[in-house]
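# Examination of the molecular architecture
What follows is each chain in one-letter form.
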Amino acid sequence: MARITASVYTSHVPAIGAAIDLGKTQEDYWKPLFAGYDFSKQWMKDNKPDVIFLVYNDHATAFSLDLIPTFAIGTAAEYQPADEGWGPRPVPKVIGHPELASHIAQSVIQQDFDLTIVNKMEVDHGLTVPLSLMCGQPEAWPCPVIPFAVNVVQYPVPSGQRCYNLGKAIRKAVESFDQDLNVQIWGTGGMSHQLQGARAGLINRDWDNAWLDQLINDPEAAAATPHIDYVREAGSEGIELVMWLIARGAMADVAGGPAPKLAHRFYHVPASNTAVGHVILENS
């Protein structure tokens with residue numbers, strides 16, 4: 001059967017993608033950030049999955065204010081990089097895994113989670129920046145990717161607990177798939193940042209790192225974080241962190257297995273106007 005072997009967590013700041021694409025990664029401003037992913041790139045080569053289930057949020061490219069699903073799973077064979085106003089990023093197209101994606105959709109919906117099925121969409125920086133951070137600049141991404149979009153843009157947004165429970169359902173779905181596949185689940189977005197209003201530019205290093213401690217060691221507590229705490233402590237866009245809880249809920253220890261191994265942890269501020277967090281957890 002298929003199995004989830006690891007979870008990866010990372011911010012997906014669009015300016016990071018621009019720094020990569022414009023060859024600025026070794027500039028003084030950016031160099032410390034990208035150094036934090038040197039381990040991760042090698043880890044990815046050493047632990048290449050068969051499929052990545054990548055949780056992210058769309059930034060008004062595939063969806064608009066006319067139609068925003070709470071949870072949407074991509075079941076297409078491929079996805080083109082989106083034009084977000086300055087042309088598509090010069091990155092490879094994303095190859096999907098329709099068979100596993102359709103199986104997960106069937107299983108998760110039967111576990112009482114309502115998903116929107118997406119057979120055609122483009123993918124923006126929310127998905128491509130994490131791939132670039134972990135995989136560099138290859139001619140093709142190392143494996144198929146299943147995009148899973150979460151609405152954290154238009155209120156109401158799903159709670160952390162809902163996302164955590166959804167991760168549990170995704171793990172069950174993956175483990176019921178009858179092919180021997182090594183699957184990684186990635187949660188992206190965050191950490192603390194606010195893009196508008198009187199608190200624009202807010203970054204809360206202490207809160208971010210305390211939340212990371214909980215995510216790693218006490219995910220039930222992290223999942224119980226009230227929505228208002230994300231907004232108050234991590235800024236209006238800090239709510240993106242609920243997407244990390246989908247990945248954390250899919251890990252084996254949540255279902256009674258052994259605690260995951262912390263392979264890597266990194267935190268850096270600022271990247272543009274955002275705090276960047278990054279964690280890799282391996283199932284034992």
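Per an unreviewed UniProt entry, the chain carries the name Protocatechuate 3,4-dioxygenase and comes from Malikia spinosa.

## A word on the sheet that holds strand β7 (residues 145-150)
The sheet built from eight strands is open, its strands ordered β6-β3-β7-β2-β8-β1-β10-β9 with mixed pairing. Among the strands making up the open sheet, the edge pair consists of β6 (116-118) and β9 (261-271). On average, adjacent strands in this sheet sit at an angle of 20° to one another, irrespective of strand direction. Of the strands in this sheet, β1 (3-10), β9 and β10 (274-282) are in contact with helix α7 (residues 205-217), which crosses β9 at around 165°.

## Focus on the state of the cysteines
For the structure shown, the criterion picks out zero disulfides. Free cysteine C143: the closest other cysteine sulfur is in C135, separated by 7.1 Å.

## Looking at the packing of helix α1 (residues 14-21) against helix α5 (residues 125-135)
Any two packed helices are characterised by the angle at which their axes cross and by the distance between the axes. Direction vectors running N to C along α1 and α5 enclose 50°, while the axes themselves pass 9 Å from each other. Classified by the interaxial angle, the pair formed by α1 and α5 is oblique. Taken as a pair, α1 and α5 cross one another with a handedness that is left-handed. When α1 is examined against α5, the residues P14, I16, G17 and I20 are found in contact with a partner set consisting of H125, V129, S132 and L133.

## A look at the side chain of E240
Along the chain, E240 turns up in the loop between α9 (227-234) and α10 (242-249). Excluding its chain neighbours within four sequence positions, the residues that come into contact with E240 are H12, N57, H59, V152, T188, G189, G190 and H193.

## Section: the pattern of salt bridges
Taken as a whole, this structure holds eight salt bridges when the rule is applied. The closest approach of N and O atoms between D21 and R89, which form a salt bridge, is 2.8 Å. Of this pair, D21 sits in helix α1 while R89 sits in the loop between β4 (78-79) and β5 (94-95); the two residues are 68 residues apart in sequence, bridging distant segments of the chain. Overall, the relative accessible area of 9% leaves R89 in the buried class. The salt bridge partner of R232 is D229, with a shortest N-O separation of 3.2 Å. Note that R232 and D229 are positioned in helix α9 at a spacing of three residues, about one turn of the helix. Judged by relative accessible area, D229 falls into the partly exposed class, the value being 24%.

## Some details on the environment of G235
Relative to the assigned elements, G235 resides in the loop between α9 and α10. With 218 residues separating them along the chain, G235 and G17 place their C-alpha atoms 22 Å apart. In contact with G235, not counting residues within four places along its chain, are H193, Q194, R199, L202 and Y230.

## Looking at the packing of aromatic side chains
For the structure on display, the rule yields 10 aromatic pairs. Between W207 and W211, the aromatic rings sit 6.5 Å apart at their centres with planes inclined by 20°, giving stacked as the arrangement. In this pair, W207 and W211 both sit in helix α7, four residues apart, roughly one turn of the helix. Exposure remark for W211: the relative accessible area of 2% places this residue in the buried category. Look at W211 and W244: their rings are 6.0 Å apart centre to centre, the planes differ by 70°, and that puts the pair in the edge-to-face class. On the criterion of sequence distance, the pair formed by W211 in helix α7 and W244 in helix α10 is long-range, its members being 33 residues apart.

## Side note on unusual backbone geometry
Across the chain, the bulk of peptide bonds are trans and the bulk of non-glycine residues have phi less than zero. Between Y155 and the following residue, P156, the backbone shows a cis peptide bond with an omega angle of 5°. Among the secondary structure elements, P156 is positioned in the loop between β7 and α6 (160-175). Cis peptide bonds are those with omega within 30 degrees of zero, and the linkage from V269 to P270 qualifies with -15°. Examined against the element boundaries, P270 turns out to sit in strand β9. Backbone geometry places A60, a non-glycine residue, at a positive phi of 60°. Structurally, A60 can be placed in the loop between β2 (51-56) and β3 (71-74). Among the residues examined, A60 registers a relative accessible area of 63% and is labelled exposed. Here D112, not a glycine, exhibits a phi torsion of approximately 80°, which is positive.

Definitions and limits used
Residues numbered from 1 in each chain as written. Predicted model: local features only at pLDDT ≥ 70, side-chain atom pairs only at ≥ 80, totals over all residues. Heavy atoms only, no water. Pairing = 2+ DSSP bridges. Helix = DSSP H or I, 4+ residues; strand = E, 2+ residues; numbered from the N terminus. Axes fitted to C-alpha atoms, helices over the stretch in contact; angles between N-to-C directions. Contact = heavy atoms within 4.5 Å. Disulfide = S-S within 2.5 Å. Parallel < 35°, antiparallel > 145°, perpendicular 65-115°, else oblique. Left-handed = near helix turned anticlockwise from the far one by under 90°. Salt bridge = Lys/Arg side-chain N within 4 Å of Asp/Glu carboxyl O. Buried < 20%, exposed > 50% of the residue type's maximum accessible area, 1.4 Å probe, protein only. Phe/Tyr/Trp six-rings, centres within 6.5 Å; stacked < 30°, edge-to-face > 60°.

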